[in-house]
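Coordinates in review
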Amino acid sequence: MWKEHYRIGSELIDSQHHELFDRVASFIRAVQEEGAWEERLDQVQATLEFMKEYVVIHFNDEEALQREIGYPGLEKHAAVHAAFREEIRQFAQRVEEEGFDEEKVQEFAARVMTWLIMHVGREDQRIGEFIRSQGGQQ
Ligand SMILES: [Fe+2]
Ligand SMILES: [Fe+2]
């Protein structure tokens with residue numbers, strides 16, 4: 001799912017994006033695989049745990065980069081990150097309260113992938129454009 005043209009010119013952020021795409025793709029595979037749901041649940045759970053933590057790390061690093069380079073869209077971008085972090089938190093909470101069910105997790109996996117493609121493919125690309133307009137790599 002990762003594409004080379006997603007690179008924004010920061011080695012750290014680009015490798016985190018790559019990792020995120022890989023993880024979400026394997027999350028979707030785990031969700032869609034044949035076989036008993038109970039048997040796939042472990043991987044689904046582990047990936048969800050990973051995502052919860054990694055998204056926080058990534059958003060923090062990306063916002064730190066924006067601050068460092070004086071990116072003018074930082075505030076707006078951080079608000080978009082916060083909204084998605086909240087969405088993940090709410091989903092995790094719902095799962096905690098109601099348990100994992102296949103349909104709910106499938107819906108969530110699709111939502112995360114769509115969000116990632118839209119966000120990395122658009123909003124994050126503007127950081128790359130800014131870096132290039134400032135004349136280089138970070
Ligand atoms: Fe990002
Ligand atoms: Fe971002």
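This one's a predicted model, so the numbers in the text were calculated from it and none came from an experiment.

The rules behind each value
- Residues numbered from 1 in each chain as written.
- Chains lettered and ligands numbered in written order.
- Predicted model: local features only at pLDDT ≥ 70, side-chain atom pairs only at ≥ 80, totals over all residues.
- Heavy atoms only, no water.
- Helix = DSSP H or I, 4+ residues; strand = E, 2+ residues; numbered from the N terminus.
- Expected span 1.5 Å × (residues − 1).
- Contact = heavy atoms within 4.5 Å.
- Donors = N, O, S within 2.8 Å, 3.2 Å for Na, K, Ca; no water.
- Tetrahedral: all angles 85-135°; square planar, octahedral: opposite > 155°, others 65-115°.
- Buried < 20%, exposed > 50% of the residue type's maximum accessible area, 1.4 Å probe, protein only.
- Salt bridge = Lys/Arg side-chain N within 4 Å of Asp/Glu carboxyl O.
- Phe/Tyr/Trp six-rings, centres within 6.5 Å; stacked < 30°, edge-to-face > 60°.
- Lys NZ or Arg CZ within 6 Å of the ring centre and 35° of its normal.

The terminal C-alpha atoms of helix 3 (residues 74-98) lie 36 Å apart, and with 25 residues this matches the ideal 36 Å at 1.5 Å per residue to within 8%. Tucked inside the fold, the buried residues of helix 3 contact helix 2 (37-69) and helix 4 (102-133). Positive backbone phi, at 85 degrees, marks Gly 99, one or two positions downstream of helix 3.

As a further point, take the coordination of the iron ion (ligand 1). Surrounding the iron ion (ligand 1) are the protein donor atoms His 17 (NE2), His 58 (NE2), Glu 62 (OE) and Asp 124 (OD), at 2.0 to 2.2 Å. Coordination geometry of the iron ion (ligand 1): the four donor atoms subtend angles of 82 to 168 degrees at the metal centre, consistent with an arrangement described as irregular. On the primary sequence, the residues serving as donors to the iron ion (ligand 1) are separated as H-x40-H-x3-E-x61-D. By relative accessible area, which is 2% here, His 58 ends up buried. Classification of Glu 62 by relative accessible area gives buried; the value is 0%.

Attention now goes to the pattern of salt bridges. Under the defined criterion, the tally for this structure stands at ten salt bridges. Measuring nitrogen to oxygen at the nearest pair gives 2.5 Å for the salt bridge that ties Arg 111 to Glu 87. You can see Arg 111 sitting in helix 4 and its partner Glu 87 sitting in helix 3, a full 24 residues away along the chain. Residue classification places Glu 87 among the partly exposed positions, given a relative accessible area of 29%. Ionic pairing is found between Arg 94 and Glu 98, a salt bridge with its closest N-O pair at 3.8 Å. With Arg 94 and Glu 98 both in helix 3 and four residues apart, this pair spans about one turn of that helix. Accessibility expressed as a relative area gives 53% for Glu 98, which makes it exposed. Here the salt bridges do not stand alone but share partners, grouping Arg 94, Glu 98, Asp 101 and Lys 104 into one network.

This part takes up the coordination of the iron ion (ligand 2). Within the protein, the atoms that donate to the iron ion (ligand 2) are Glu 62 (OE), His 77 (NE2), His 81 (NE2), His 119 (NE2) and Asp 124 (OD), at distances of 2.0 to 2.2 Å. In this structure, the iron ion (ligand 2) lies 3.4 Å from the iron ion (ligand 1), and both are coordinated by Glu 62. Here His 81, found in helix 3, pairs with His 119, found in helix 4; they are 38 residues apart in sequence, far enough to count as distant.

Here we come to the packing of aromatic side chains. Any pair of aromatic rings gets described here by the distance separating the centres and the angle formed by the planes. Throughout the structure, instances matching the rule amount to ten aromatic pairs. Judged by centre distance (5.7 Å) and plane angle (75 degrees), the ring pair of Tyr 71 and Phe 130 falls under edge-to-face. With Tyr 71 in the loop between helix 2 and helix 3 and Phe 130 in helix 4, this pair connects stretches of sequence that are 59 residues apart. Grouped by ring-pair contacts, the aromatic residues Trp 2, Tyr 6 and Phe 21 constitute a single cluster. The side chain of Arg 23 reaches across the aromatic face of Phe 50, ending 3.8 Å from its centre.

Honestly, that's just the spatial picture; any functional story needs more than this.
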